[in-house]
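Architecture at a glance
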Amino acid sequence: MENPQGLLKETWHFYKKTLMLVFRGSKIYYAWCISLLAMIIVGFIFYWKQHEMGLIETNLTDQVSWGLYIANFTYLVGMAAAAVLLVIPSYIYQFKPIKEIVVLGELFAASSIIMAILFVMVDLGRLDRVWHMIPFVGSMNFPASLLAWDVLVLNGYLLLNLFIPIYLLVKFYYRKEPNWKFILPFILLSIPWAVGIHTVTAFLYNGLAARPFWNASILAPRFLASAFCSGPAIIIIIFQIIRKVSSITLEDKALFKIAELIAYSMFLNLFLLGAEIFKEYYSGTVHMASFKYLFEGLHEHTALVPWIWTAMAMNVTAFFLFLIPSTRKRLSTLNLGCLFVIVGVWIEKGPGFVIPGFVPDPLGEIHEYVPNLLELMVSFGIWATGLLIFTLLMKVAIPIETGEFSHTEYEKEGYTVKRH
Amino acid sequence: MRNKNLTRREFIRNLSVTALAGASLPLLSSCSKEEAEDFLQKHFLEMTEDEKKRMIAKLEQRYLERYGKNFQISTQEAQPETLWGYGLELSRCVGCRRCVYACAQENNLSRYARQLHWIRVLRLKRGNLINLEDSEHYYAPETVPEKGFIYLPVQCQQCQDAPCVKVCPIHATWQEPDGIVVVDYNWCIGCRYCIAACPYKGRVFNWAEPNLPKDEVNPNVHYLGNRPRMKCAVEKCTFCIQRVRQGRYPACVEACPTGSRKFGNLLDPKSEIRYIIERKRVFRLREELNTESKFYYFFES
């Protein structure tokens, strides 16, 4: 490998094998990737229209100036944060496949962050000027603007979550034990950083005195609690898929433990929400208007009411499903619970959080916002992009982790070498 | 962002911009000619006098081609010892909205497919002034004023401690020395964080390319004020920066048929606005948010 020719050959081997891994798969894999690609293309075509004509192609207005894009952004930041926070219970409960979980969690976080950043990009009116935001190149309003903070912490988090898995995978590829003394501080750093990205995102809304619905100090804790629900829920589902399609083994016990964690977080989430609802309804000031709009409708405007009650029903049901051991420890009810949490939390902290901030607006105008087809298609396109990135990353990362894909020197030894 | 470490920043910027320009070629090729031309334009406050001149010449040429009129684009700076303040006498306002349309005319606002306005007049039931939830923004009676209602015009309150300036991630909006909050329309990235932060709904967005009929264009403009704007950047009332820096009243003050609107220099003890603050019962909207607005509502004596 030291001579240039060998290095070239080795590099070629890596790329060839990567492409082979990505392009070979079952029929389901093909169908999955092709449908994601189709959604990406459709989303891009719709986005192009928005890029040419302006944001007028969306249903956004001066009254409700952020909508589905920013709702998805908020939700995905939570996803990204939670995936890494899963590292903590992995350590505490000493799950056997800890290394896999770290790598999977961080790659999932990276994919979520990419989606979150894409949602901000499509929401920008002037994508051509996005360079104004780059530190030292543009003119970042740091530290006054929370959006400037968000740009920094999100990109930092993305780099961190790419660096750690890539380091580990390279080590696995060469069949070397990672230097834990070197990488562990980064893994540990990613945990407070995960809390950080979600706190900064909460503060982004929290700091606006003009919007009483967001201007409540309970916001950041609520964000974290709900992220601890939706993130682990999607991880439970991903783990089940991964153990089905690869040779990685994950015991049911691990999934049940994560589900238990969701039950506690969901309790906290519902409790914090309840605390906020009590304060608003009991004191009954004018600030209650947004809550009223969300939960009962305001002056016959009721677009969000069925959504939020669906979310409430899903969250409460999921809480009991995960709390009761017999339903938690049955895969069918477990997965139903996960689905409820993923959808319920999305409604609650996506549209159910962003839109009421604008209704009524600071001058009391009530303007209802419902996303249009273009916004839906662009959003689906971005979700598809994230899922495709994650799928392809997994397709290469898992064989490296299991030892099926490694440096030519070791490959001759066969696939059976175990690292553990 | 200003003046510190200019050489190092300049170097890093040149380097990065070159790299960026290369990387964004595909994106640029999708942009219009104007967008491509403006791509590397600097922040207004970082331009040298020379760069400003070249940019103004380019804009005047562009506006001539588009609107068939010779534009005078001013970059006039703030007068020393001035801090503009506004007074509005609620007991006189009849809700005719002449100010709204005079403003749109003067400031080259988009006229249709989204019609934009920098001034909004709210109709409130008598007996209520603070809770705006029952206000009517789109009242359209045969004649005004209507019995049982009062009218509350709202526009940018030119806060001394402006939430919009604080939240802008890229310094695209700032407060001038004479207290006017302005936007560099060519620097704004259209994130709309300022719209979310403003407690007065003082900012509006060009959701599409503005629709400004040729024969309605006002060619006397200020770069930071009423020059024709582009799609997907934010804009707002500037107290008619193009007028007040030349010693004229804002268009809304001139248009008001009841004389409800007053304007002047807060630092000049003999100005009309100081007379009002010292002798009338004034209040400011949302004073509890500590925005220190410079827009004083008042009632007769």
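Small disclaimer: the values here were computed from a predicted structure and weren't measured.

**A short note on the overall build of chain B**
Of regular secondary structure, chain B possesses 10 helices and 12 strands. Each of the 301 residues in chain B was classed as buried or not, and the buried ones make up 42%. At a minimum sequence separation of 6, the contacts of chain B that also span at least 24 residues come to 65%.

**So, the overall build of chain A**
Helix and strand content of chain A: 16 helices and 0 strands. In summary, chain A has a C-alpha radius of gyration of 23 Å against a globular reference of 22 Å for 420 residues, a match within 12%. Expressed along its principal axes, the backbone C-alpha trace of chain A runs to roughly 70 × 55 × 40 Å. Contacts in chain A between residues at least 24 apart in sequence constitute 77% of all its contacts with a sequence separation of at least 6.

**Quick notes on the sheet that holds strand β2 (residues 84–89) of chain B**
Residue and element names in this part refer to chain B. The sheet built from 4 strands is open, its strands ordered β10-β2-β12-β11 with mixed pairing. Both outer strands of the open sheet, β10 (261–265) and β11 (281–283), are each paired with one neighbouring strand and no more. Ignoring strand direction, the axes of neighbouring strands in this sheet form an average angle of 30°. Strand direction decides the pairing type here: β11 and strand β12 (residues 295–299), joined by 3 bridges, are antiparallel.

**Focus on the interface of chain B and chain A**
Often, the extent of an interface is quoted as the loss of accessible area on bringing the components together. The interface of chain B with chain A comprises 52 residues on the first partner and 41 residues on the second. For the side of chain B that touches chain A, the secondary structure elements donating two or more residues are α1 (6–23), β3 (120–125), α6 (163–167), α7 (193–197) and β7 (203–205) of chain B. Take the side of chain B that touches chain A: its biggest share by element is 6 residues, from α1(B). Class assignment of the residues belonging to the side of chain B that touches chain A gives a composition of 33 nonpolar, 7 polar and 12 charged.

**Some remarks on the environment of A:Ile262**
Residue and element names in this part refer to chain A. Inspection of the secondary structure puts Ile262 in helix α9 (residues 252–283). Given 29 C-beta atoms within a 10 Å radius, Ile262 is considered buried. For the pair Ile262 and Ser226, spaced 36 residues apart in the sequence, the C-alpha separation amounts to 9.2 Å. Apart from residues no more than four positions distant in its own chain, Ile262 is found in contact with Cys229, Pro232, Ala233, Phe322 and Val341.

**Things to note about unusual backbone geometry**
Residues and elements named next belong to chain A. Cis rather than trans, the peptide bond between Phe142 and Pro143 has omega equal to 5°. Summarising the element assignment, Pro143 is placed in the loop between α5 (98–123) and α6 (146–173). Cis geometry marks the peptide bond from Val359 to Pro360; its omega dihedral reads -5°. With respect to the secondary-structure elements, Pro360 resides in the loop between α14 (351–354) and α15 (373–402). Even without being a glycine, Phe136 presents a positive backbone phi close to 70°. Notably, His299 is not glycine yet its phi reads approximately 45°, a positive angle. Tracing the backbone through its elements, the reader meets His299 in the loop between α10 (289–295) and α11 (305–323). In this structure His299 comes out as exposed when scored by C-beta crowding, with 12 C-beta atoms within 10 Å.

**Some points on helix α4 (residues 49–67) of chain B**
For α4(B), spanning 19 residues, the distance from its first C-alpha to its last is 26 Å, which sits close to the expected 27 Å at 1.5 Å a residue. Phi for B:Gly68, located one or two positions after α4(B), is positive at around 65°.

**Remarks on the confidence of the model for chain A**
Taken over all residues, the pLDDT of chain A has a mean of 90, while the share at 70 or more is 94%. The low-confidence segment residues 415–420 of chain A, where pLDDT is below 50, has 7 contacts with residues more than four positions distant or belonging to other chains.

**A word on α6(A)**
A rise of 1.5 Å per residue sets the reference length of α6(A), with its 28 residues, at 40 Å; its end C-alpha atoms lie 40 Å apart and thus fit the reference within 8%. After α6(A) finishes, the residue A:Arg175 shows a positive phi value of roughly 55°.

**Digging into the packing of helix α8 (residues 219–245) of chain A against α9(A)**
All names here are of chain A. Running from amino to carboxyl end, α8 crosses α9 at an angle of 155°, the nearest separation of the two axes being 8 Å. On the basis of the axis angle, α8 is roughly antiparallel to α9. You can see that α8 and α9 cross each other, and the crossing is left-handed. Only Leu255, Ile258, Ala259, Leu261, Ile262, Ser265, Met266, Leu268, Asn269, Leu272 and Leu273 of α9 make contact with α8, whose side of the interface consists of Pro221, Arg222, Ala225, Ser226, Phe228, Cys229, Pro232, Ala233, Ile235, Ile236 and Phe239.

**What to know about the packing of helix α3 (residues 68–85) of chain A against α8(A)**
Residue and element names in this part refer to chain A. At their nearest, the axes of α3 and α8 sit 7 Å apart, and the two run at 70° to each other. If you check the angle between α3 and α8, you find them roughly perpendicular. Contacts between α3 and α8 involve Gly78, Met79, Ala81, Ala82, Ala83 and Leu85 from the former and Phe223, Ser226, Ala227, Phe228, Ser230, Gly231, Pro232, Ile234 and Ile235 from the latter. For the contact of α3 with α8, the class distribution of residues is 11 nonpolar, 4 polar and no charged.

**Thoughts on the environment of A:Val122**
Residue and element names in this part refer to chain A. By secondary structure assignment, the location of Val122 is in helix α5. Linking Val122 and Ser379, residues 257 residues apart in sequence, is a C-alpha distance of 9.2 Å. Excluding its chain neighbours within four sequence positions, the residues that come into contact with Val122 are Tyr47, Tyr69, Val378 and Ile382.

**Here we look at the pairing of β10(B)**
Working note: regular strand, side chains alternate between the two faces of the sheet. All names here are of chain B. Counting buried residues along β10, 5 of its 5 residues qualify, which places the element largely inside the surrounding structure. A two-sided burial pattern is seen for β10, the buried positions comprising Arg261, Phe263 and Asn265 on one face and Lys262 and Gly264 on the other. As paired strands, β2 and β10 are joined by 5 bridges and run antiparallel to one another. Across the sheet, residue Gly85 finds its bridge partner in β10, namely Gly264.

**Re the environment of B:Cys191**
By the secondary structure assignment, B:Cys191 is in the loop between β6 (181–183) and α7. Here B:Cys191 falls in the buried class, since 26 other C-beta atoms lie within 10 Å of it. Measuring from C-alpha to C-alpha, the distance between B:Cys191 and B:Ala233 comes to 8.5 Å, with 42 residues separating the pair along the chain. Setting aside chain neighbours within four positions, we find B:Cys191 in contact with A:Leu124, A:Leu147 and B:Pro169.

**Section: the nonpolar core**
Residue and element names in this part refer to chain A. The biggest cluster of nonpolar side chains holds 189 residues, and the ones touching the most others in it are Ala80, Ala116 and Phe119. By residue number, the principal contributor to this core is α5, which donates 16 residues. Contacts of Phe119, omitting those with residues within four sequence positions, involve Tyr69, Asn72, Phe73, Leu76 and Ile382.

Cut-offs and rules
Each chain carries its own residue numbering, running from 1 in the written order of its sequence. Each chain takes a letter, starting from A, and each ligand takes a number, starting from 1, following the order in which they are written. With the structure being a predicted model, the display of local features is reserved for residues of pLDDT at least 70 and the display and counting of side-chain atom pairs for 80 or more, all residues being used for whole-chain, interface and lining totals. To qualify as a helix, a DSSP run of H or I must reach at least 4 residues; to qualify as a strand, a run of E must reach at least 2; elements of each kind are numbered from the N terminus. To sort residues by burial, count the other C-beta atoms lying within 10 Å of each one's C-beta; a count of 20 or more means buried, 12 or fewer means exposed, and anything in between means partly exposed. C-beta atoms are built from the backbone. We call two residues in contact if the C-beta atoms placed from their backbones are at most 7 Å apart. Atoms counted for the radius of gyration: C-alpha only. Globule rule: 2.2 Å times the number of residues to the power 0.38. We treat two strands as partners when DSSP finds at least two bridges between them. Simply put, an axis is a line fit to the C-alpha atoms, just over the touching stretch for a helix, and the angle between two N-to-C directions goes from 0 to 180 degrees. Each residue receives one of three labels: charged for Asp, Glu, Lys and Arg, nonpolar for Ala, Val, Leu, Ile, Met, Phe, Trp, Tyr, Cys and Pro, and polar for the others, Gly being one of them. The span one expects for a helix is its residue count, reduced by one, times 1.5 Å. In predicted models, pLDDT denotes the confidence assigned by the predictor to each residue on a 0 to 100 scale. Should an angle fall under 35 degrees it is taken as roughly parallel, and over 145 as roughly antiparallel, whereas 65 to 115 is taken as roughly perpendicular and any remaining angle as oblique. In this scheme the crossing of two helices becomes right-handed for a clockwise turn of the near helix relative to the far one and left-handed for an anticlockwise turn of less than a right angle. Linking buried Ala, Val, Leu, Ile, Met, Phe, Trp, Tyr and Cys residues through C-beta atoms within 7 Å yields a set, and such a set is a nonpolar core.

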